[in-house]
Amino acid sequence: MRKSLRRGHVLIDWSQNHSAKTTVAVYSVRARPTPTVSTPVTATEVQRCAAKNDPHLLRFETTDVLRRIEKHGDLFAPLGLP
């Protein structure tokens, strides 16, 4: 789908739902020179990021995520997954 048609939508890539795919799990640290962490975010954080047009607002390193968990708790917990 063209990017212009994606505005205002949440798309789920069903083709990534396969054991051979490398989609990262929540709280996984990415293997990069400056490792970032896959972390759940709040709707407010997404709205702020969109309003400021700054994707770096949703970029988290390990120390950021530990502080976030202290502040917000585990945002992934309500899903009840192990």
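Residues numbered from 1 in each chain as written. Predicted model: local features only at pLDDT ≥ 70, side-chain atom pairs only at ≥ 80, totals over all residues. Heavy atoms only, no water.

(A) View of the pattern of salt bridges. All chains considered together, the criterion is met by three salt bridges. Ionic pairing is found between Glu61 and Arg59, a salt bridge with its closest N-O pair at 3.1 Å. The exposure class assigned to Glu61 is partly exposed, which follows from its relative accessible area of 28%. The closest approach of N and O atoms between Arg67 and Asp64, which form a salt bridge, is 2.9 Å. Residue Arg67 and its partner Asp64 are both found in helix α2 (residues 62-72); the two are separated by three residues, about one turn of the helix. (Salt bridge = Lys/Arg side-chain N within 4 Å of Asp/Glu carboxyl O. Buried < 20%, exposed > 50% of the residue type's maximum accessible area, 1.4 Å probe, protein only. Helix = DSSP H or I, 4+ residues; strand = E, 2+ residues; numbered from the N terminus.)

(B) Just the side chain of Glu45, in detail. Assignment of secondary structure puts Glu45 in helix α1 (residues 43-52). Residue classification places Glu45 among the buried positions, given a relative accessible area of 9%. Leaving out residues up to four positions away in the same chain, Glu45 has contacts with Leu58, Phe60, Arg68 and His72. (Contact = heavy atoms within 4.5 Å.)

(C) Region of the structure containing the side chain of Thr39. Of note, Thr39 is situated in the segment before α1. If we ignore the near neighbours within four places in the chain, the residues touching Thr39 are Val26, Tyr27, Phe60, Val65 and Arg68.

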